[in-house]
Amino acid sequence: MPLTAPQDEINEDCLTELRNRIENRKCIVGIYGLGYVGLPLALRFAEVGIRVIGFDIDDKKIAKLNSGGSYIERITTLQIGQALSHGFEATSDFSSTAEVDAQIICVPTPLDNHHQPDLSYVTNTVESILPYFQAGQLMSLESTTWPGTTEEILAPKLSERGFTPGINCALVYSPEREDPGNANYTTSEIPKVIGGMTDKCLALGTALYANAIETMVPVSDTRVAEMTKLLENIHRAVNIGLVNEMKIVADKMGINIHEVIKAAATKPFGFVPYRPGPGLGGHCIPIDPFYLTWKAKEYGINTRFIELAGEINHYMPRWVVQKVADALNDYSKAVKGSNILVLGLAYKKNIDDTRESPAVEIMSQLQDKGAKVAYSDPHVPVFPQKRDHYFDLESVVLSADNVARFDCVVLATDHDDVDYEHLKQHAQLVIDTRGRLSGKNVINA
C-alpha cells in the first residue's frame, strides 16, 4: 500500500518502496477511464498478475464489468472473467484511489465547439484523484494532448497539495497507441513511449509499464512524449488529407483514384499507400492536429500545412453528400424525400467504435436536406448516444427486399462481413466512398 505521509513531508524513501513493489509485482494499478484505451490496458495488467482497480463515472459500465460483461465488441466476456479472477474490480468511487500505487489516466481529450482543446475530462479526473493522492504514488497521463500539459497542468496541481515529482511522488506521460480492429498487435506488443518529469519519475514509470508491455521507449521528458503522439497522428491526418484531395481531383478527371493508389504502391521505396474515404474518424486523427495548432499559436507559429489537411478532411462528408445529390439527380430524384441507407456506422471497418465517424456526419447532412435516413452496421445494432448527433434508429438488416427499397445506399465503412455482391445486385444505386465496388449502379465518391 502507498505510504501515508503529511503533504509537506519530503520522503524520498517512499519512491524506493514504490520501486520495490513495482518490480515485485506487488503494486496495485488504478486505471481511470474504462473505454477503448483504458479497459484493454487494465486487462493486460491483470493478465500478468497485477491487481487492478478500474475507475469510471459511468455506473452502467461499472455494473457490466463487475458482473463479467463487456461493452466493447473486441473484448470478450472470457477476458473480463479472467481479469475478475485475478482481482480486477471496477468502481465509480474515487476514494479507492488511496489503495493504488499508480494512477493511469485514460480519459478523452476532445475539442470544444470552437475547435479548442477541451481538457475538462483530464482536469476533472485529476481533481477527483487529488483528495486521496498520497506520497509514494505514481501518476501517468495517457490521453493525447498538447506538449506541456503534464508539466504545466498536472505538476502544479500536485504541487498545490505538497507533492513534488521525483521527490515524494512520480509523474509521467505515456501516450496510448491503441488501434481498434488491428489484430496484428495486442496491447502488450505495441512499443510504449514514455517521458518523465524527472529521471527518477521516468525510471519508475518505465518499470511499471514494463510489467505489461514488451518494449518500452523512454524519451528525455514529458513534452517529447506528448509531441511524439501528436506527430504520429498528424502524420496520418496529413497524408489522408493529401489522398482525399487527390481523390477529388481524380474524380473530376474521370480517373479511378483507387487504381492509381494500387499502381503507385508497387513502387518498392519512397511511397506509402494511404486510402481515401468519406472523412476522418476515431478519437485521435480528427482531433489531435488541433491540439498542436492551438499550442503552436502560443509560440507565434501558424501550422498552415496541418490546418489545410484538416480542412480537406473535414470537407469530405459534404463532398460525399454532394455526390449523392448528383447521382440521385441523374435518376431524376431529389435528396429531399429519398430513402437513403448509410452502410457502416463505425469510423473504420470491422470494429464497433463510432467516435467522430464521418458516417454520422453524412447522415446528419442528408437528413438536413430532407432525406429519410437509415443505417446498417453489423457491429453497431443500435445508434449510440452522442453529444452532437442523435438518431432513434436500429441497424437495418441487409436483406434483398430491404436493400431494394432504398433509393440510394452510401457505403461509408466497408466491413468485411458484408456481402457486397448481394448489395450491388439488389441496390438501386450505390455511392461507394471506399473503392470496394464497381458496376453500372455504383458511383465512386
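That block above? That's the structure.
We now turn to the structure provided with this report. (Residues numbered from 1 in each chain as written. Predicted model: local features only at pLDDT ≥ 70, side-chain atom pairs only at ≥ 80, totals over all residues. Heavy atoms only, no water.)

### Section: the pairing of strand β5 (residues 138-141)
- Of the two faces of β5, the one lined by L138 and S140 and the one lined by M139 and L141 are each fully buried.
- Two strands pair when backbone bridges link them, and strand β4 (residues 102-105) and β5 are joined in this way by four bridges, in the parallel orientation. The residue bridging I104 from the neighbouring strand is S140, located in β5.
- Following the chain from β4 across helix α5 (residues 120-129) to the adjacent parallel β5, one finds a crossover that is right-handed.
- Traced from β5 through helix α6 (residues 149-160) to strand β6 (residues 170-173), the parallel crossover comes out right-handed. (Buried < 20%, exposed > 50% of the residue type's maximum accessible area, 1.4 Å probe, protein only. Helix = DSSP H or I, 4+ residues; strand = E, 2+ residues; numbered from the N terminus. Pairing = 2+ DSSP bridges. Right-handed = clockwise from strand over helix to strand, strands pointing away.)

### So, the sheet that holds strand β13 (residues 442-444)
- Spatially, five strands are ordered β10-β9-β11-β12-β13 in an open sheet, and the strand pairing comes out parallel. Sheet topology places β10 (372-376) and β13 at the edges, where each strand pairs with a single neighbour. For this sheet, the mean inter-axis angle between neighbouring strands, taken without regard to orientation, is 20°.
- Where strand β12 (residues 430-432) meets β13, three bridges bridge the pair, whose relative direction is parallel. Considered in β13, the bridge of I431 is made with I443.
- Packing of helix α12 (residues 358-368) onto the sheet brings it into contact with β9 (339-343) and β10, and relative to β9 it is tilted by some 170°. (Axes fitted to C-alpha atoms, helices over the stretch in contact; angles between N-to-C directions. Contact = heavy atoms within 4.5 Å.)

### Thoughts on the environment of E151
- Topologically, E151 is positioned in helix α6.
- Between the alpha carbons of E151 and S70 there is a distance of 35 Å; along the sequence they are 81 residues apart.
- Beyond its immediate stretch of four places on either side in the chain, E151 contacts P156, M197, T222 and R223.

### Quick look at the sheet that holds strand β2 (residues 51-55)
- A sheet is described by the order of its strands in space; here eight strands give the open sequence β3-β2-β1-β4-β5-β6-β7-β8, paired in mixed fashion. Either end of the sheet is taken by a strand with one partner, and the two such strands are β3 (89-91) and β8 (216-218). Geometrically, the sheet is characterised by an average inter-axis angle of 25° between neighbouring strands, direction not taken into account.
- As defined by bridge partners, β6 adjoins strand β7 (residues 192-196) across two bridges and the pair is classed as antiparallel. Bridge pairing in β7 links V172 to G196.
- Contacts from α5 reach β1 (28-32), β4 and β5, with the element oriented near 160° to β4.

### A few points about the environment of R25
- Looking at where R25 falls in the secondary structure, it is placed in the loop between α1 (13-23) and β1.
- Note on R25: relative accessible area 37%, which makes it partly exposed.
- Each C-alpha atom of the pair R25 and Q365 lies 52 Å from the other, and the pair is 340 residues apart in sequence.
- Those residues in contact with R25 that lie beyond four places of it in its chain are V48, G49, I50 and N211.

### Comments concerning empty space enclosed by the protein
- Throughout the structure, instances matching the rule amount to one cavity of 30 Å³ or more.
- Each pocket or cavity is described by its volume, and for the largest cavity that value is around 110 Å³.
- Surrounding the largest cavity, V37, L41, E142, P175, E176, R177, E178, T187, I190, K192 and I213 form its lining.
- Along the lines of polarity and charge, the residues of the lining of the largest cavity split into five nonpolar, one polar and five charged. (1 Å grid on protein atoms, 1.4 Å probe; cavity = no way out; pocket = protein on both sides within 12 Å on 5 of 7 lines; lining within 4 Å. Points joined across faces, edges and corners; volume = space filled by probe spheres on them. Nonpolar A, V, L, I, M, F, W, Y, C, P; charged D, E, K, R; others polar.)

### Some thoughts on helix α2 (residues 38-47)
- Most of α2 is tucked away, with nine of its 10 residues classed as buried.
- Within α2, burial applies to G38, L39, P40, L41, A42, L43, R44, F45 and A46.
- Buried residues in α2 make contact with β1, β2, α3 (59-66), α4 (77-85), β4 and α7 (199-210).
- Downstream of α2 by one or two residues, G49 has phi in the positive range, about 90°.

### Points about the nonpolar core
- Counting 80 residues, the largest nonpolar core has I31, F45, I104, M139 and L208 as the members making the most contacts within it.
- Residues within four places of M139 in sequence aside, it is in contact with Q103, I105, V126, I129, F133, L154, L158, A170, L171 and V172.
- Formed by 29 residues, the second largest nonpolar core is a distinct cluster that contains Y375, V380, C408 and L429. (Core = buried A, V, L, I, M, F, W, Y, C linked by side-chain atoms within 4.5 Å.)

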